2 protein chains.
Amino acid sequence: MELYYWPMIQGRGEFVRLVLEEAGVSYVDVARTKRGMAAMSPFLDGKKRGALPFAAPFIRVGTTIVSQTANIVAFLAERHGLVPRTPALRAEALQIQLTIADLVGEAHDTHHPLGGDLYYEDQKKEAKRRAKSFVSERMPKYLGWLEDILSRNTASRKQWLVGARRSYVDLSAFQVVEGLRYAFPHAMERRAPRLPLLMALRDRVAERPRIAAYLRSERRIPFNQMGIFRHYPELDAKPQRRRRAR
Amino acid sequence: MELYYWPMIQGRGEFVRLVLEEAGVSYVDVARTKRGMAAMSPFLDGKKRGALPFAAPFIRVGTTIVSQTANIVAFLAERHGLVPRTPALRAEALQIQLTIADLVGEAHDTHHPLGGDLYYEDQKKEAKRRAKSFVSERMPKYLGWLEDILSRNTASRKQWLVGARRSYVDLSAFQVVEGLRYAFPHAMERRAPRLPLLMALRDRVAERPRIAAYLRSERRIPFNQMGIFRHYPELDAKPQRRRRAR
C-alpha cells in the first residue's frame, strides 16, 4: 500500500493517513521517503497504467490507483471494515465525508478567498471578510449538523456518526475539529459548549490505541502555515468576555 | 423515487436528473410539483428519519435519504446498472465524478470568487481575474484530463470514460461540457479541436434515446443566469481570428 501526497503538510492526505493508521495497514508514505515528491509525477503524467489521478492524494494498491480524498477513504474503509456494509449506511457515510470535504474547502478559502495563485498577503482584506462569515455562520452550521447527526444516532448511543460502530467518517470528523481548533482557537473555544457530542467524539477517536500511537509518532506532521488549516490571528477574533445586555 | 432540488435551475440536481432519465427510473422532481420548495424543509430541518442532508440535492427512496451529488449519482448507478461492479472500476468512476464536481465548483467561482453572499455586480473585478485564469489554465487542464482518460480507455474503444460501457460519469461529462459551452462559448469553441474524444462523447450521450427525449422535454430546464453555469460575455473573451507569428 502506497500513499502519494505532499510530504510537508497534513492537508487532505491526513484523512487517508488516519484511515490507514486506524485499520493497522502497513503503508509507505512515498513522498516522505528518499524517493521524494518526484515519485508522484509518473502517475500524474499518465505514465502508469490504471486510473489517472488529477491530483494528489492518491494511493496505489497493487495495480489499482485511487484518487480523490473522499473516494480513497471510502475505498479503504470497505476493504478494512471501517464502514457498515449496507448500501444505505455506506451512502450515509459518504455524504458525511463529502460534506466534511466541503467544510475543509471553505476553511481553506478563508485564507485564500481569491484563489491559490495569489499569496495570502495579497488577499488579506478579502480573507478577513470571508473568515468572518465562515466563523459566524458556515462553521457553526457544519459543526452543528455533525452534532445533530450524533444526537440522532441512537444505534451507537450517540457515540459514532454512522451505524453502531466507529467508521472512517468519525476519523475525518476528528481531523476537521483538530484543524479548526488550530486555525480558529478562539472561535472553537466559544463554540465547543454547544457541541458536546462532537467534542466527545473527538476525544474518543484520539484515545483509540492506534490513533493515539500515531498522534504521538513522527508520522503525524504538525499543523503548519503551509497546509489547509492555517492560524492567522487576525482571522480569529478574540472572545468578548463581558456580558452584553439584551 | 423522489428528487429534492431547487426548481428553477439545472444546478447540481441536473447530474442526478440525467442518471434517473438514462436509467428509465420513474421519479418525482418534488419542488417542481405543487408541493414546491417547502417540501424540502422537513428533511433539512431534521424532521424526517434517515440520513440528515446538509443541503439539496437529495433523494428519497423508501426510507433511505441520500445527499451530496456525487454520492447520489454513485448510489443510483449501483442500483440501476450504470457503473461497473468491481471495486477498482467503481472507485475510478467516483474519482472522475468528484473531479468533475471540482471543475463545476471552479466554474461557479468564476462568477462568485468572493462568495455566494455577495451579488455578481459587487465582485465583477475579481470575477474577471478569476475567469481569466479559469479559462486559460484550469478549464483546459480538467478537460484535457478527461480527454486523456478517454484516450487510455481501450476497453471501450475510447468511447466511454470507465470500463467497456457507458456509466454515470459519461452523463456528468456531457453535462459539464454543455454547461461550459453555455458559460464560455468562445473559450470552448477554441478548445474543442483539442478535445475530439470528449466532444464525441458529448454527442454520443446526447444521442442516447432516453437522454435525447429528456433534452427535448419540458423536464429539462434551460440554462439560465441563476444556475452554476452563467454566461457573462465579459468573462468569455472573443477569439482572436488573426494568426500570430511564432
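Residues numbered from 1 in each chain as written. Chains lettered and ligands numbered in written order. Predicted model: local features only at pLDDT ≥ 70, side-chain atom pairs only at ≥ 80, totals over all residues.

Asks: Break down the pairing of strand β3 (residues 58-61) of chain B for me, citing the residues and quoting the values.
Replies: All names here are of chain B. As paired elements, strand β1 (residues 2-4) and β3 share three bridges and run antiparallel to each other. Among the inter-strand pairings, Tyr4 is bridged to a residue of β3, identified as Phe58. Across four bridges, β3 lies against strand β4 (residues 64-67) in antiparallel orientation. Bridge pairing in β4 places Phe58 opposite Ser67. (Pairing = 2+ DSSP bridges. Helix = DSSP H or I, 4+ residues; strand = E, 2+ residues; numbered from the N terminus.)

Asks: Can you lay out the domain arrangement of chain A for me, pointing to particular residues and giving the numbers?
Replies: Residue and element names in this part refer to chain A. If you check the domain split of chain A, you get domain 1 (2-79) and domain 2 (87-207). Taking only C-alpha atoms, the centre of domain 1 and the centre of domain 2 are 23 Å apart. Counting residues at the interface gives ten residues for domain 1 and nine residues for domain 2. Of all the elements in the fold, those that place two or more residues in the side of domain 1 that touches domain 2 are α1 (13-23) and α3 (69-79). (Domains from an automatic or database assignment. Contact = placed C-beta atoms within 7 Å.)

Asks: Can you explain helix α1 (residues 13-23) of chain B? Please cite residues and give values.
Replies: Residues and elements named next belong to chain B. In terms of burial, α1 is largely enclosed, as ten of its eleven residues are buried. Buried within α1 we find Gly13, Glu14, Phe15, Val16, Arg17, Leu18, Val19, Leu20, Glu21 and Glu22. Where α1 is buried, its residues meet β1, β3, α3 (69-79), α6 (168-183) and α9 (209-216). Two residues or fewer past α1, Gly24 is found with a positive phi of approximately 70°. (Buried ≥ 20, exposed ≤ 12 C-beta atoms within 10 Å, placed from the backbone.)

Asks: Account for the sheet that holds strand β2 (residues 28-29) of chain A, naming residues and giving values.
Replies: Residues and elements named next belong to chain A. Taken in spatial order, the four strands of this open sheet run β2-β1-β3-β4, and their pairing is mixed. Looking along the sheet, the strands with just one partner apiece sit at the ends: β2 and β4 (64-67). Packed onto the sheet, α3 meets β3 (58-61) and β4 and runs at close to 130° relative to β4. (Axes fitted to C-alpha atoms, helices over the stretch in contact; angles between N-to-C directions.)

Asks: Just give me the short version of the confidence of the model for chain A, but keep the residues and values in it.
Replies: Predicted confidence across chain A gives a mean pLDDT of 95, with 97% of residues reaching 70 or more. Under the prediction, the complex receives an ipTM of 0.95, its pTM being 0.96. (pLDDT = per-residue confidence, 0-100.)

Asks: So, the interface of chain A and chain B: which residues are in play, and what are the values?
Replies: On the side of chain B, 31 residues touch chain A, which itself brings 31 residues to the contact. Listed by contribution, the elements that provide at least two residues to the side of chain A that touches chain B are β4, α3, α4 (87-111) and α5 (124-152) of chain A. For the side of chain A that touches chain B, the element with the highest residue contribution is α4 of chain A, accounting for eight residues. Per-class residue counts for the side of chain A that touches chain B are 15 nonpolar, nine polar and seven charged. (Nonpolar A, V, L, I, M, F, W, Y, C, P; charged D, E, K, R; others polar.)

Asks: Tell me what's going on with the relation of the copies chain A and chain B, and back it up with residues and numbers.
Replies: You can overlay chain A on chain B at an RMSD of 0.0 Å; the transform is a turn of 180° with a shift of 0.0 Å along its axis. With respect to symmetry, the two chain copies, as superposed, fit the operation of a two-fold axis. Of all interface residues in chain A, 100% are interface residues in chain B too; the two copies therefore contact each other through one and the same surface. (Least-squares fit on C-alpha atoms with pLDDT ≥ 70 in both.)

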